[in-house]
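Spelled out, the chains give:
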Amino acid sequence: MEREFGKQGFPVPALGLGAGSLGDPALDETRVDALLNSALDMGITLIDSARSYALSEERIGRHIAHRRRQFILSTKVGYGIPGHADWTYGCILAGIDAALKRLRTDCLDIVHLHSCPLETLRQGDAILALHKARDQGKLRVAAYSGENEALHWAIESGQFGGVECSVNLFDQRCLEHFLPLAQERGIGVIAKRPLANAPWRFAQRPVGEYCEEYWSRWQAMEIAADDMDWQELALRFAAFAPAVCCAIVGTASPVHLLQNKIFADQGPLPATRFDSLRQSFRQHDDNWVGQI
Ligand SMILES: NC(=O)c1ccc[n+]([C@@H]2O[C@H](COP(=O)([O-])OP(=O)(O)OC[C@H]3O[C@@H](n4cnc5c(N)ncnc54)[C@H](OP(=O)(O)O)[C@@H]3O)[C@@H](O)[C@H]2O)c1
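Quick summary incoming for the structure in this document. (Residues numbered from 1 in each chain as written. Predicted model: local features only at pLDDT ≥ 70, side-chain atom pairs only at ≥ 80, totals over all residues. Heavy atoms only, no water.)

## A word on the overall build of the chain
Put simply, the rule reads: Numbering goes from the N terminus for both helices and strands, where a helix is a DSSP run of H or I of at least four residues and a strand is a run of E of at least two. Only C-alpha atoms enter the radius of gyration; for comparison, a globular chain is expected to reach 2.2 Å times N to the power 0.38, where N is the number of residues. Categorising residues by exposure relies on relative accessible area from a 1.4 Å probe, with only protein chains included: less than 20% of the type maximum marks a residue as buried, more than 50% marks it as exposed, and the intermediate range marks it as partly exposed. In what follows, a contact means two residues having at least one pair of non-hydrogen atoms within 4.5 Å.
Helix and strand content of the chain: eleven helices and ten strands. Rg of the C-alpha trace for the chain: 18 Å, near the compact-globule value of 19 Å for 292 residues, within the 12% margin. For the chain, the spread of C-alpha atoms along the three principal axes comes to 50 × 45 × 35 Å. The burial tally for the chain puts 58% of its 292 residues in the buried class. Sequence separation of at least 24 residues holds for 75% of the intrachain contacts in the chain that already meet a minimum separation of 6.

Take a look at the structure:
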């Protein structure tokens, strides 16, 4: 199941792979190889990485660069380049060159400024550098990954062809105004954290875990998964929310990868179910802003 990536001129799958956890040095290399290749075999053909995801970019390059034409490659830059201050013009350009090298490709499909603050966006150098690299043919879509005010600014600015933001059962604010605006402007949308990092794994508040805030919202919303697994409900909600082009689920598990593909293939939730989940979020929204 593919959809156009906004008006950027290429399709993307409803389900993509978030390769954050694949950067973990403790993961066995053979396992990462098998996971990446089976994702492509299953049609999970958008892979999302970032400079900060440890070995992730390097491993994507190592294990699937030979299949480069079969997938859309998304990554993120902005920091961590020796000799350059973060977010400067030089840092962005050097970050893109480093990503090309690590990912073993001559062109990246989507490159995001990775959660930079609004002031950095407004200052303009980071965007100029992204556009320069696009003009040089090193990337296809200049994109922004982030939330709230900065996300809104990025969408309104007309400088980006893609955005990546959190969209899930417990993070729905962007569905209200930001993403309809993105869609109207032909901006492709990637939904990150689509399973909300699976807070239902925890019986008690998971203090200090990435999903702690989502766990609280889950409790407050008082929703039920009823006839589905939570994973299925969450994935079908996020992947088929209006304006979302691709939902990138993070997994290092081959079993979960296959399950997610099966869930995504079920298509959108029934409209009444989707609407009641939207309603529940609106009712309980207690300054529930987008989570990075
Ligand atoms: N731009 C940014 O600032 C930013 C921030 C966060 C995330 N992201 C991107 O978004 C991607 C996804 O986000 P995320 O990984 O944080 O959150 P997520 O996709 O909502 O959740 C990932 C969690 O769900 C589990 N999971 C996945 N499939 C499952 C299944 N079928 N059954 C049960 N558990 C399942 C995973 O564990 P297992 O590994 O055990 O499957 C992992 O713990 C990241 O990899 C990254 O590419 C970007």
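## Observations regarding the sheet that holds strand E8 (residues 162-166)
We apply this condition: The pairing criterion is simple: DSSP has to find at least two bridges between the two strands. To obtain an axis, a line is fitted to C-alpha atoms, over the contacting stretch when the element is a helix, and the angle between two such axes runs from 0 to 180 degrees between their N-to-C directions.
Taken in spatial order, the eight strands close into a barrel running E3-E4-E5-E6-E7-E8-E9-E10, and their pairing is parallel. Sheet twist, expressed as the average angle between the axes of neighbouring strands with direction ignored, equals 25°. One ladder, built from six bridges, connects strand E6 (residues 108-114) with strand E7 (residues 139-145); its direction is parallel. For Leu113, the partnering residue across the bridge sits in E7 and is Tyr144.

## Notes on the pairing of strand E5 (residues 72-77)
Heads up, the condition is: Here the term right-handed applies to a crossover when the path leading from its first strand over the helix to its second strand runs clockwise, the strands being oriented away from the viewer.
Across the six residues of E5, six count as buried, placing the element largely inside the fold. The pairing of strand E4 (residues 46-48) with E5 spans three bridges and is parallel. When the bridges of E5 are listed, Asp48 appears paired with Ser74. After leaving E4, the chain enters helix H2 (residues 56-64) and then returns to the sheet as E5, a path that is right-handed. Of the pairings in the sheet, the one linking E5 to E6 comprises four bridges and is parallel in character. Within E6, the position partnered with Lys76 by the bridge is His112.

## Describing the pattern of salt bridges
The test is simple: Here, a salt bridge means any Lys or Arg side-chain nitrogen found within 4 Å of an Asp or Glu carboxyl oxygen.
For the structure shown, the criterion picks out 20 salt bridges. In this structure, Arg173 engages Asp285 in a salt bridge whose closest nitrogen and oxygen atoms are separated by 2.9 Å. Note that Arg173 is positioned in the loop between E8 and helix H7 (178-184) and Asp285 in the segment after helix H11 (271-284), a separation of 112 residues in sequence. Here Arg173 falls in the partly exposed class, since its relative accessible area comes to 33%. The residue Arg278 makes a salt bridge to Glu176 at a minimum N-O spacing of 3.2 Å. With Arg278 in helix H11 and Glu176 in the loop between E8 and H7, this residue pair connects regions lying 102 residues apart in the sequence. Overall, the relative accessible area of 6% leaves Arg278 in the buried class. On the basis of relative accessibility, which here comes to 34%, the residue Glu176 falls in the partly exposed class. Taken together, the shared-partner salt bridges connect Glu29, Glu58, Arg59 and Arg62 into one network.

## Observations regarding the packing of helix H1 (residues 29-42) against H2
Let me state the cut-off plainly: In what follows, roughly perpendicular refers to angles from 65 to 115 degrees, roughly parallel to angles under 35, roughly antiparallel to angles over 145, and oblique to any angle outside these ranges. Crossings are classed by handedness, with left-handed meaning an anticlockwise turn of the near helix from the far one by less than a right angle and right-handed meaning a clockwise turn. Think of it as three bins: nonpolar holds Ala, Val, Leu, Ile, Met, Phe, Trp, Tyr, Cys and Pro, charged holds Asp, Glu, Lys and Arg, and polar takes everything else, Gly as well.
Following both chains from N to C, one finds H1 and H2 inclined at 70°, their axes separated by 10 Å at the closest point. The orientation of H1 relative to H2 falls into the category roughly perpendicular. Seen along the crossing, H1 lies across H2 with a hand that is right-handed. The segment H1 lies against H2, with Glu29, Val32, Asp33, Leu36, Asn37 and Leu40 engaging Arg59, Ile60, Arg62, His63 and Ile64. Tallied by class, the residues present in the contact of H1 with H2 amount to five nonpolar, two polar and four charged.

## Things to note about the environment of Tyr210
The criterion, for reference: Nitrogen and oxygen atoms within 3.5 Å of one another constitute a polar contact, given that in protein one can donate a hydrogen and the other can accept it, and given that sequence-neighbouring residues count only through two side-chain atoms.
Mapping Tyr210 onto the fold places it in the loop between strand E9 (188-192) and helix H8 (212-221). Between the C-alpha atoms of Tyr210 and Pro199, which are eleven residues apart in sequence, the distance is 9.1 Å. Leaving out residues up to four positions away in the same chain, Tyr210 has contacts with Arg193, Asn197 and Ile292. A distance of 3.1 Å separates the side chain of Tyr210 from the backbone oxygen of Ile292, its partner in a polar contact.

## So, the side chain of Arg3
For clarity, the threshold we go by: The charge count includes Lys and Arg as positive and Asp and Glu as negative, but it does not include His or the ends of the chains.
On the secondary structure map, Arg3 appears in strand E1 (residues 2-4). Here Arg3 is buried and forms no salt bridge, its nearest opposite-charge partner Glu2 lying at an N-O distance of 9.2 Å. There is a polar contact of 2.6 Å between the side chain of Arg3 and the backbone oxygen of Ala239. At 3.0 Å, the side chain of Arg3 and the backbone oxygen of Cys245 are in polar contact.

## Re the site of the ligand
Counted only if it meets this: When at least one non-hydrogen atom of a residue lies within 4 Å of a molecule or strand, that residue is treated as near it. For every accessible area listed, the method is Shrake-Rupley and the probe measures 1.4 Å; residues are considered covered only by the protein chains on display.
Taken together, 29 residues lie near the ligand, and Asp48, Ser145, Leu195, Thr251 and His256 sit nearest. Pro194 places a main-chain nitrogen or oxygen 3.4 Å from an oxygen atom of the ligand. In the model, a nitrogen atom of the ligand is placed 2.8 Å from a nitrogen or oxygen of the Asn260 side chain. When the ligand is considered free in solution it has 900 Å² of accessible area, and contact with the protein chains removes 85% of it. Tallied by class, residues from the shell around the ligand come to ten nonpolar, 13 polar and six charged.

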